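# Structure assessment
So the chains spell out like this:
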Amino acid sequence: MERQICSGIKLAKIKDLFPSSSLFRSRGVVVKMPGIVIVGTQWGDEGKGKIVDYLAKEADCVVRYNGGSNAGHTVVVGGKTFKFHIIPSGVLQGKRVYIGNGVVVDPEVLLSEIENLRKEGFKPDLYISDRAHVVFAFHKILDGLEERFKGSLSAGTTLRGIGPAYSDKVARFGIRVADLLDESELRRKMDVLVALKQKVISQVYNGKETLEKEEIVKKYAEFGRKITNYVCDVSFAINEALDKGETVIFEGAQGTLLDIDHGIYPFGTSSNPTAGGACTGVGVGPTKISKVVGVAKAYTSRVGAGPVPTELMDKVGERIRIKGGEYGTTTGRPRRCGWFDAVPVRYSIRVNGISELILTKLDVLSGINPLKICTHYMVKNKVVNDIPADLKTYEECKPVYEELEGWTDSLDWHQIAMGGYEALLPQAKTYIERIEELTGVPIKIISVGPEREDTIIKD
Ligand code: IMP
């Protein structure tokens, strides 16, 4: 009975209390809403870290399903800023946090994050999939060499070894977390992998680096010993949690436009940040996902290369960058900023099956007048409403804007957040409601500052 009420179709009909509570009340029966995917609808950096932390209060656990330490999820609690590259954002709420098989794990980064959390007085209740692939130092070397070789086709990666690690996974050369726990197995696999990587570094790219197999085996076997207590079958654990009716947040890293299949290829990452990645990257069936929630920033930002039709190369773009602190969490690079673009968000809604949106960083737009929103593109006198597959057409897309009245800079957003949706200025409400109209999806939460409390629940 409970399972039936939890089905996606039924949930859509129940008065949606999300997210103030993950519990739904239907005819007096309290029903848990088990699997929620949080996905980025733009080029990453939408503020998913804050949102996952905020929602995790009501959840039982959080599981990361894609990417690696290329991600940078920022959470601000009590004026203190925490940055996570690999550990799921729910960790600060004291919830169980899982790293799924779809993630590529750099053990060095992972151990340093665990250590930093401990220093801050947190005891992470962390579980790592035995099937997750490992990022080795040579993957980072290769990331740099490949980027250089690609020239104008380089994506401007984070140089965290993400592409090379996923390449090895797909080519079946990869080494998984389970292999780190067995030194002789690790050595057997390294015999092949190190030999191959050395050839690629020296003979393909003329790189000078020399790989010492035994040194690598010893170093990573030691990492294995340090993480062994966290390793488990995450698919089993998450399915069990869902079957018990627990609420599980599937935390996506990066965004839809960076997706290896649905993003702006080849200017994206090597994993699936899209909602489908939550199933393959954790090991749950699509029937276990009740809801897909998209996170969209109130403007556009992009770190790295590739076309961004609404990019602003002027003072407004600079103002947004400075006010929004738009510098890469992982690399420190300045992010390219621009007007809100409804086209990628609509596209994300389609490829992810998003039923509601969370809008972040609305406060950053204060003091800009007028504001612009891109409603669609034009290419050679033709209207384009979607993301074209070929790069050349996307590069030719000219944004078509509509103007909206902005609002004053002198606002106390903390106060507004306390007052709720009604406390927003009419211009800000018009901006939000216009995005709802253009995307066809309701905005349920609005984030107006980095702290947990700077969050408005609409409806
Ligand atoms: P990679 O994931 O490091 O291989 O980088 C591929 C592309 O995705 C580059 O353009 C990066 O700047 C971008 N990218 C990777 N991770 C993130 C992220 O977490 N936020 C925003 N952009 C990212």
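These remarks concern the structure in this document. (Residues numbered from 1 in each chain as written. Predicted model: local features only at pLDDT ≥ 70, side-chain atom pairs only at ≥ 80, totals over all residues. Heavy atoms only, no water.)

### Some details on the overall build of the chain
The following threshold applies: Under the DSSP-based scheme used, a helix requires at least four consecutive residues in state H or I and a strand at least two consecutive residues in state E, with every element numbered from the N terminus. A radius of gyration in this sense is built from C-alpha atoms; the matching globule rule multiplies 2.2 Å by the number of residues raised to 0.38. Burial status follows relative accessibility: with a 1.4 Å probe on protein chains alone, a residue under 20% of its type maximum counts as buried, one over 50% as exposed, and anything between as partly exposed.
A tally of regular secondary structure across the chain gives 16 helices and 22 strands. Against the globule reference of 23 Å for 459 residues, the chain gives a C-alpha radius of gyration of 22 Å, in line with a compact fold. Its C-alpha atoms give the chain principal-axis dimensions of roughly 65 × 55 × 40 Å. Across the 459 residues of the chain, 57% fall into the buried class.

### Notes on the site of the ligand
Heads up, the condition is: Here a residue is near a molecule or strand as soon as one of its heavy atoms is found within 4 Å of it. For the area figures, the Shrake-Rupley method with a 1.4 Å probe applies, and any residue is considered shielded solely by the protein chains shown. Gly is placed with the polar residues, together with every amino acid not listed as nonpolar (Ala, Val, Leu, Ile, Met, Phe, Trp, Tyr, Cys and Pro) or charged (Asp, Glu, Lys and Arg).
Near the ligand you find 17 residues, and of these Asn70, Ala155, Thr158, Thr269 and Val303 are the closest. When the ligand is considered free in solution it has 470 Å² of accessible area, and contact with the protein chains removes 97% of it. In terms of residue class, the shell around the ligand is built from six nonpolar, eight polar and three charged.

### Some details on the sheet that holds strand S7 (residues 96–99)
Let me state the cut-off plainly: For two strands to pair, DSSP has to find at least two bridges joining them.
As summarised here, the arrangement of the ten strands in space is S11-S9-S7-S4-S12-S3-S13-S17-S21-S22, forming an open sheet in which the pairing is mixed. Here the strands that pair on one side only, and so sit at the sheet edges, are strand S11 (231–232) and strand S22 (455–457). Sheet analysis places strand S3 (residues 35–40) next to strand S12 (residues 248–251), joined by four bridges and oriented parallel. Residue pairing in the sheet places isoleucine 38 in a bridge with glutamate 251 of S12.

### Concerning the pairing of S7
Strand direction decides the pairing type here: strand S4 (residues 61–64) and S7, joined by four bridges, are parallel. Across the sheet, cysteine 61 pairs through a bridge with arginine 96, a residue of S7. Of the strand pairs in this sheet, S7 and strand S9 (residues 126–129) are connected by three bridges, and their pairing is parallel. Across the sheet, valine 97 pairs through a bridge with leucine 126, a residue of S9.

### Comments concerning the pairing of strand S21 (residues 443–447)
Judged by how many residues are buried, S21 sits mostly within the fold: five of five residues are covered. Relative to S21, strand S17 (residues 356–360) is paired through three bridges, and the arrangement is parallel. Residue pairing across strands places leucine 357 opposite isoleucine 443, the latter belonging to S21. Pairing geometry for S21 and S22, over three bridges, is antiparallel. Along S22, the bridge assignment pairs isoleucine 445 with isoleucine 457.

### Things to note about the pattern of salt bridges
Test applied: Whenever a carboxyl oxygen of Asp or Glu lies within 4 Å of a side-chain nitrogen of Lys or Arg, that contact is scored as a salt bridge.
Applying the stated criterion across every chain, the model contains 36 salt bridges. In this structure, glutamate 108 engages lysine 219 in a salt bridge whose closest nitrogen and oxygen atoms are separated by 3.8 Å. Of this pair, glutamate 108 sits in helix H4 (residues 107–119) while lysine 219 sits in helix H9 (residues 213–227), placing them 111 residues apart in sequence. Overall, lysine 219 belongs to the partly exposed group, its relative accessible area being 37%. A single network of salt bridges, built from pairs that share partners, joins Glu183, Arg187, Glu214, Lys218, Glu222 and Arg225.

### Observations concerning helix H10 (residues 234–243)
Stated precisely, the cut-off is as follows: Two N or O atoms form a polar contact when they lie within 3.5 Å of each other; inside protein one atom must be a possible hydrogen donor and the other a possible acceptor, and for residues adjacent in sequence the pair counts only when both atoms belong to side chains.
Every buried residue of H10 is accounted for by Val234, Ala237, Ile238, Asn239, Ala241 and Leu242. A distance of 3.2 Å separates the backbone nitrogen of serine 235 from a side-chain oxygen at the start of H10, and that oxygen is part of aspartate 233.

### A short note on the state of the cysteines
The criterion, for reference: Count a disulfide wherever a pair of cysteine sulfur atoms falls within 2.5 Å.
For the coordinates displayed, the defined rule picks out zero disulfides. Its sulfur unpaired, cysteine 232 is 11 Å from the next cysteine sulfur, which belongs to cysteine 61. You can see cysteine 374 has no disulfide; the closest cysteine sulfur is in cysteine 397, sitting 8.9 Å from it. Since its relative accessible area comes to 0%, cysteine 374 is described here as buried.

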